[in-house]
Structures are given as structure tokens and as C-alpha cells.
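Each chain, letter by letter, is given below.
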Amino acid sequence: MPFNKMPLAKTPLANKPLAKMPRTRMSRMTRVLVSTASILAVSVPGMALAQSRAEVLNTYADIAEASYGDSLSTARTLSAAVDALIANPSAEALQAAKAAWLAARVPYQQTEAFRFGNAIVDDWEGKVNAWPLDEGLIDYVDPGYGGATDENAYAVLNVIANPSFALSGDTIDAATITPDLLENTLQEADGVESNVATGYHAIEFLLWGQDLNGTDAGAGQRPWTDYATGEACTGGNCDRRGAYLAAATELLLSDLDWMTAQWGEDGQARQTLLEDEAAGIVTILTGMGSLSYGEQAGERMKLGVLLNDPEEEHDCFSDNTHNSHYYDGLGVRNVYLGHYVGVDGRVIDGPSVSDLVAKAAPEVDSTLRADLDATMFKLGAIKIAAEAGFSYDMMLERGNETGEALIMGAVDALVAQTRGIERAVAALSLDQIGFEGSDSLDNPDAVFQ
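The notes below deal with the structure included here. On a predicted model such as this, the values are computed, not experimentally measured, just so you know.

### Quick notes on the packing of aromatic side chains
Turning to step 1, where the next piece is worked out: For the coordinates displayed, the defined rule picks out nine aromatic pairs.
Turning to step 2, where the next piece is worked out: With a centroid separation of 6.1 Å and 80° between ring planes, the pair formed by Y60 and W263 is classed as edge-to-face. With a gap of 203 residues between them, Y60 in helix α1 (residues 46-87) and W263 in the loop between α6 (238-262) and α7 (268-275) connect regions that are remote in the sequence. Of the two residues, Y60 and W263, both sit in the buried class.
Turning to step 3, where the next piece is worked out: Look at Y68 and W124: their rings are 5.8 Å apart centre to centre, the planes differ by 85°, and that puts the pair in the edge-to-face class.

As C-alpha cells, this is what we get:
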């Protein structure tokens, strides 16, 4: 995908434009280009620097292992709740599965700071967190959703209702819905990125259904009877819907188990990170800057404000977007400070990039710490308002000045935070780092073209 690198250091950064990237429906396909050939040494004694860098990288890897491990453990709780729903459908069982999904999002969103710099994460991430999706691929949708389009011939395929269907010229036997069918046949079917068949958001849709409230309050209202048996079944094909939900959840567990192992002592992600200490620090800062700017401030937040479109919400079926934004922000803060609090209360804490920056330029570190705190304050304001009843959908309504101010306050804080990350890059004398950009921030007119 086209991407313009933004060279950092050697020049004043305060007014430098950030890299731009054309708007795509699924920014997970972004590939950050990082050149390590011109990484320069930090101006502190070489031996001490090597030791501190190694410690910083190990802390980062420890946090990755812990946060993916927490994502796995909470997904296991979700899996148990899904099994209970399928075995004995009821309103209470559906609500329990929803609660387990919401809890599972807390640690997972904090892992997004490991994207963009770590190729092994970027190549994998779309399997578990791809969005937005054409949910009609999976199940029934409201008639107002529309039908197949030139962009996606399978936008309303409804695999759950069709045990056999034509796909890319082949007849697909989907009589049995399996993880393999979801992963290797349906995911990005026919090369269309919005054909998302796996991961958290496919499961979210199967639990909540479509949110048909527009910018009014309210999440999706899928009835529990969509999983009932016999004459009580609504929506049709309740057994296949349960099979799809079970397969998607099984696949999520498998994917999270694999990624957790990659950050273990002998895991490929950890070993790759540690191979080159200078490149490892670049990896950390690339993830921080790209998530802060192009992904979160741009694609996930400002785009929705520009379009006033609740379909641009990250967790659009469950109205959980305020939390996904909050924990994304916390993930960036975690990796900079080298501090993570697990779902069981354990704390991972160790040498951090903050320590390196503080050695090189104390004022840059203190300013960036303040920027990170300011971002969390603004994201926290959105979270508080949403939990009190002013949902993110409502904030996106055209003409809602209060909602726009809340969202744009966080966008502005994320942009300021990114400038602080740029200054940290310069303080460490690192060069040739590219952060993900966004038309929403860099060229808003292009959004409407």
C-alpha cells in the first residue's frame, strides 16, 4: 500500500507535516516502512546504552507477552460463555456472552501498540481485529442494508443461511461451518478487505446484531432466540448461527494462543525484536506514533466526525467504542513507560523508552509524559460521558457540538502526543522512521472524493 515515509531528526519538528496515507476501509493493511540503515547512536557511553536498550526491549516484550496472555485468558472466558449460550440459549446466557466479550476487549486493545513496528503482529492482526466489515457476508441483515455492490459481490452472501454457495467461480460446501472455512475461504473472500469473517468483530456482530439506531442511543438488539432450537428460533438457521459463533471463537483462541507464544522466551517476535537493539527501539516508537496519529486520531476518530457516521465506530455493534479508544491510548502509554497492569492485578514494570529519553533530553521526556497523561484525560472524558448515557453514536450526530468537542479534544491530544513522540525520536538521534498517516488529518477533502 502506498506510504510516504516521514524522516525525523536533524531538522526542527514542531511544524513538520506527518506522513499521509490514502484512506482505506481497513487500515490494518497499512505497512509502515522503516529503514534502520541510518539509525544513529545515542550520545551516551556505548556499553551503558547497549545494556539499557536490552533491558528496555525485554520490558517491552514482557508487556507484550502479558497483554496477549491476558487477551487469551479473557477469550477463554468468552469461549466458555459462548458454549453455554449455544448449549442452553436464554437471555441471561446471551448477556453473559456479551459481558465476556466486553471484558476480553480490555487487554486486547492495549496490545495494538505492538502493531506497525512489529511485522509479525501486523501480518497477523487482521485475523483478529479487522474492521469495518460487511456483516451481510455472515448473517441476515436489515433490508435497508442494501445488497451486493460493485465493490463487494458478497456483501449479503449470508453464509449462515446458505450451506452451499458460489464464490470466485467455485462452489463452496459450507454444510459444516468450521474454523478452516472461516479462515481460509471466507476471510477477505474474493480479495475484498471488508469481507471480515473472523475475529472479535465477527463475534461482536453475532452477539449484538446490527446497531440500527443511527446516531440515537442504543446498541444492536439481537434476540437470544436467534440461538434457540425448534419453533422458538428467530432469524432462521439457529443451529448454523451457533456453529459459526463457536467456530469464530475457537479460531480467536487459536490465534491469540499463537501470538502469546511469539512473545515468550523463545518466541519469534521476541527474538526478532532483540536481534538489533537500535532497530528494536525504532519498533517501539513506530508503533506508538502510528497508532496515535494515523490509526486512532485519524481513521478511528476524526473520520467518524467528518462523516458523522456511526458505521465508522470501531466497536459499532456493541457501542463499546469509547472503551476501545481508551484502551488503545493506554496501550501507547504502557509501552512508553514500561508499565502494564494485568487483568489479575499483576504488574509488569521495568526499564523503558522513557528512561532512555530522560537520559538524552529530560525535558522531552517530561513533556511526552504530560502529553500521554493529557491524552488519557481526554479519552477518559469520552469514556465517562458514554458510560453515563451519552453514547459515542450520539457524539457523532451532525451538529452535536458537545460530542464533536469531546472527540476532537482527544484527537488534538493524540496529535500533540505524536509531536512529542517525534521529539523523542530526535532526542534519541533515530532517523528514517515512518508513522502512519490519515487523509482525515492530512487531507480531509480527500475523504469526500
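From this point, the narrative continues.
### Here we look at α7
Turning to step 1, where the next piece is worked out: Listing the buried residues of α7 in full gives A269, R270 and L273. Looking down the long axis of α7, one finds its buried residues gathered within 100° of arc, a one-sided arrangement.

### Considering the pairing of strand β1 (residues 164-167)
Turning to step 1, where the next piece is worked out: A one-sided burial pattern is seen for β1, the buried positions being F165 and L167 and the unburied ones S164 and A166.
Turning to step 2, where the next piece is worked out: As paired strands, β1 and strand β2 (residues 170-173) are joined by four bridges and run antiparallel to one another. Across the sheet, the residue bridging to S164 is D173, located in β2.
Turning to step 3, where the next piece is worked out: Taken together, β1 and the strand that follows it, β2, pair antiparallel across an intervening segment of two residues, in which S168 is found at a positive phi of about 55°.

### Remarks on the nonpolar core
Turning to step 1, where the next piece is worked out: By size, the foremost hydrophobic cluster in this structure holds 97 residues, and its most contacted members are Y244, W263 and L285.
Turning to step 2, where the next piece is worked out: Of the residues forming this core, the biggest block, 14 residues, is contributed by α1.
Turning to step 3, where the next piece is worked out: With sequence-adjacent residues up to four places away left out, Y244 is seen in contact with I138, I160, I177, L182, L186, A197 and L206.
Turning to step 4, where the next piece is worked out: By size, the runner-up hydrophobic cluster in this structure holds 22 residues, among which are M301, L330, A410 and L414.

### Brief notes about the state of the cysteines
Turning to step 1, where the next piece is worked out: Scanning the entire structure with this criterion turns up one disulfide.
Turning to step 2, where the next piece is worked out: Each sulfur in the disulfide pair C233 and C238 lies 2.1 Å from the other. An S-S torsion of about 95° defines the bridge between C233 and C238 as right-handed.
Turning to step 3, where the next piece is worked out: Residue classification places C233 among the partly exposed residues on the basis of a relative accessible area of 23%.
Turning to step 4, where the next piece is worked out: You can call C238 buried: its relative accessible area is 5%.

The rules behind these values
- The numbers attached to residues start from 1 for each chain and follow its sequence in the written order.
- Two thresholds apply to this predicted model, a pLDDT of at least 70 for residue-level local features and 80 or more for giving and counting side-chain atom pairs, whereas whole-chain, interface and lining totals are computed over all residues.
- Heavy atoms throughout the structure, all of them, feed into the side-chain values; hydrogens and water do not.
- Paired rings are identified among Phe, Tyr and Trp, the last through its six-membered ring, by centres lying within 6.5 Å, and are further divided according to the angle between planes into stacked (under 30 degrees), edge-to-face (over 60) and tilted (the rest).
- Each helix is a run of H or I in the DSSP string that is no shorter than four residues. Each strand is a run of E no shorter than two, and both are numbered from the N terminus.
- Only protein chains enter the accessibility calculation, which uses a 1.4 Å probe; a residue is then buried when its area is under 20% of its type maximum, exposed when over 50%, and partly exposed in between.
- Read the arc as the range of directions from the helix axis to the C-beta atoms.
- Two strands pair if DSSP finds at least two bridges between them.
- Nine residue types can take part in a nonpolar core, namely buried Ala, Val, Leu, Ile, Met, Phe, Trp, Tyr and Cys, and a core is a set of them joined through side-chain atoms within 4.5 Å.
- Should any heavy atoms of two residues lie within 4.5 Å, those residues are considered in contact.
- Here, the term disulfide refers to a pair of cysteine sulfur atoms separated by no more than 2.5 Å.

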